[in-house]
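Take a look at the letters that make up each chain.
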Amino acid sequence: MENIETQGISVPKLGLGTFRMQGDVCRAAVESGLELGYRHLDTAEMYGNEEAIGAAIAASKVARKDLHITTKVWNENLAPDAIRRACDASLKKLRLDQVDLYLVHWPAKSMNLPAMFETLMKLKPGGPGPRHWRRQFQHRAFENRGRGDQGADRLQPGRISRHAGPDAATQIPRGQIDPAGGLLPAGAGPRRHRRDAGQNRQEAQCQCGQVALKWLLDQDAVAAIPKASRAESQKANLGALNVKLDDGDRQAIAGLPKDKRCV
Ligand SMILES: NC(=O)c1ccc[n+]([C@@H]2O[C@H](COP(=O)([O-])OP(=O)(O)OC[C@H]3O[C@@H](n4cnc5c(N)ncnc54)[C@H](OP(=O)(O)O)[C@@H]3O)[C@@H](O)[C@H]2O)c1
């Protein structure tokens, strides 16, 4: 599978999202995903499934070095001591010494940015804890850089989450982000029952969700992490990697309405 190389990390373009999967269902889904070839797992403290994912990783025969694991600290835990505790708890549940990417899940009004950055930076690469940490906010947060936001000059956007759609990658304010710093937007998808997305010549050969997912995967520097608990969905999403879109397909997708979230 193709990887995105950014900021010293190599991230498989297609990952497995795990939000709203917990317990045995989550464990079984992750075991199935790993068996099928997924090597990038997206979880979070808030998802309440790190234990199940840890059990699935431990049960799998996949070498740790071949996996990319992202987890996130929830916004109630952004004070220095709380970040350290949350990170330790996540690692313990995941049964790992390190995660590959540690994200701040969501901003909190009360967060102290300099203290938060100090703490995150002390969770050193190479040591126990995350190999990389990044703060992940909606892009509006980046627009506020340089407007007196303390510590914002040290802000390195690492990942921007967008929901899949024709505007998903194009609305990212790349001009405001240091290109040398790298960008790893994560798109969520595919969306089911998007019949108009399948009204192109791919329709006869693949599912419309695969078309949407392949469109997303074809975007530069975009990793997609569709959540799929059923093996058939996981297989279909892996199959999207082999779908080929031509200019006609891309034109049809570009013509889709951009002001609707299709679920
Ligand atoms: N800020 C953040 O950090 C953030 C925010 C949102 C999401 N995320 C991450 O992004 C992930 C992706 O979310 P999502 O929007 O994909 O999740 P979702 O909308 O909650 O779930 C995707 C749905 O699509 C179905 N599906 C997946 N592939 C399919 C296929 N090929 N054919 C038919 N149905 C299919 C799944 O079915 P089955 O499960 O039944 O197979 C599931 O019901 C989350 O799980 C999470 O890890 C991160």
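Structure: above.
If you're wondering where the values come from, they're calculated on a predicted model, not measured in any experiment. (Residues numbered from 1 in each chain as written. Predicted model: local features only at pLDDT ≥ 70, side-chain atom pairs only at ≥ 80, totals over all residues.)

Trainee: Describe the environment of L94, listing the residues and the values that go with them.
Mentor: With respect to the helices, strands and loops of the structure, L94 is situated in helix α3 (residues 80-94). Its 23 C-beta neighbours within 10 Å are what place L94 among the buried residues. Dropping the residues within four chain positions of it, L94 is found in contact with E50, I53, G54, I69, T71 and V99. (Helix = DSSP H or I, 4+ residues; strand = E, 2+ residues; numbered from the N terminus. Buried ≥ 20, exposed ≤ 12 C-beta atoms within 10 Å, placed from the backbone. Contact = placed C-beta atoms within 7 Å.)

Trainee: How would you sum up the environment of E118? Please name residues and give values.
Mentor: Here E118 shows up in helix α4 (residues 113-122). Along the backbone, E118 and P80 are 38 residues apart, and their C-alpha atoms lie at a distance of 8.2 Å.

Trainee: Tell me about the nonpolar core, and please be specific about residues and values.
Mentor: Counting residues in hydrophobic clusters, the biggest one holds 47 residues, and the most contacted among them are V30, I53 and A224. Among all residues touching I53, those that are not within four sequence positions of it are T18, C26, V30, L41, T43 and L94. (Core = buried A, V, L, I, M, F, W, Y, C linked by C-beta atoms within 7 Å.)

Trainee: An account of α3 is needed here, citing residue identities and associated values.
Mentor: When the terminal C-alpha atoms of α3 are compared, their 21 Å separation across 15 residues agrees well with the 21 Å that a helix rising 1.5 Å per residue should span. Turning to α3, its buried residues are I83, A86, C87, S90, L91 and L94. Projected onto a plane normal to the axis of α3, the buried residues spread over an arc of 130° and lie on a single side. In α3, the exposed positions that point more than 90 degrees away from the buried face belong to D81 and K92. Buried residues belonging to α3 abut α2 (50-59), β5 (68-73), β6 (101-104) and α4. Positive phi shows up at R95, right after α3, with a value of about 60°. (Expected span 1.5 Å × (residues − 1). Arc of directions from axis to C-beta.)

Trainee: With reference to specific residues and values, describe the packing of α2 against α3.
Mentor: Close contact between α2 and α3 brings their axes to 7 Å; oriented N to C, the two are set at 40°. For the element pair α2 / α3, the angle class is oblique. The segment α2 lies against α3, with E50, E51, I53 and G54 engaging S90, K93 and L94. Of the residues assigned to the contact of α2 with α3, the class counts are two nonpolar, two polar and three charged. (Axes fitted to C-alpha atoms, helices over the stretch in contact; angles between N-to-C directions. Parallel < 35°, antiparallel > 145°, perpendicular 65-115°, else oblique. Nonpolar A, V, L, I, M, F, W, Y, C, P; charged D, E, K, R; others polar.)

Trainee: Describe the packing of helix α1 (residues 23-36) against helix α7 (residues 231-239), with residues and values.
Mentor: Working note: a packed helix pair is described by the angle between its axes plus the distance between those axes. The interhelical angle for the contact between α1 and α7, taken along N-to-C directions, is 35°, at an axis separation of 10 Å. Classified by chirality, the crossing of α7 by α1 is right-handed. Residues S32, G33 and L36 of α1 lie in contact with α7, whose contacting residues are A231, Q234, K235 and L238. Residue composition of the contact of α1 with α7, grouped by class: three nonpolar, three polar and one charged. (Left-handed = near helix turned anticlockwise from the far one by under 90°.)

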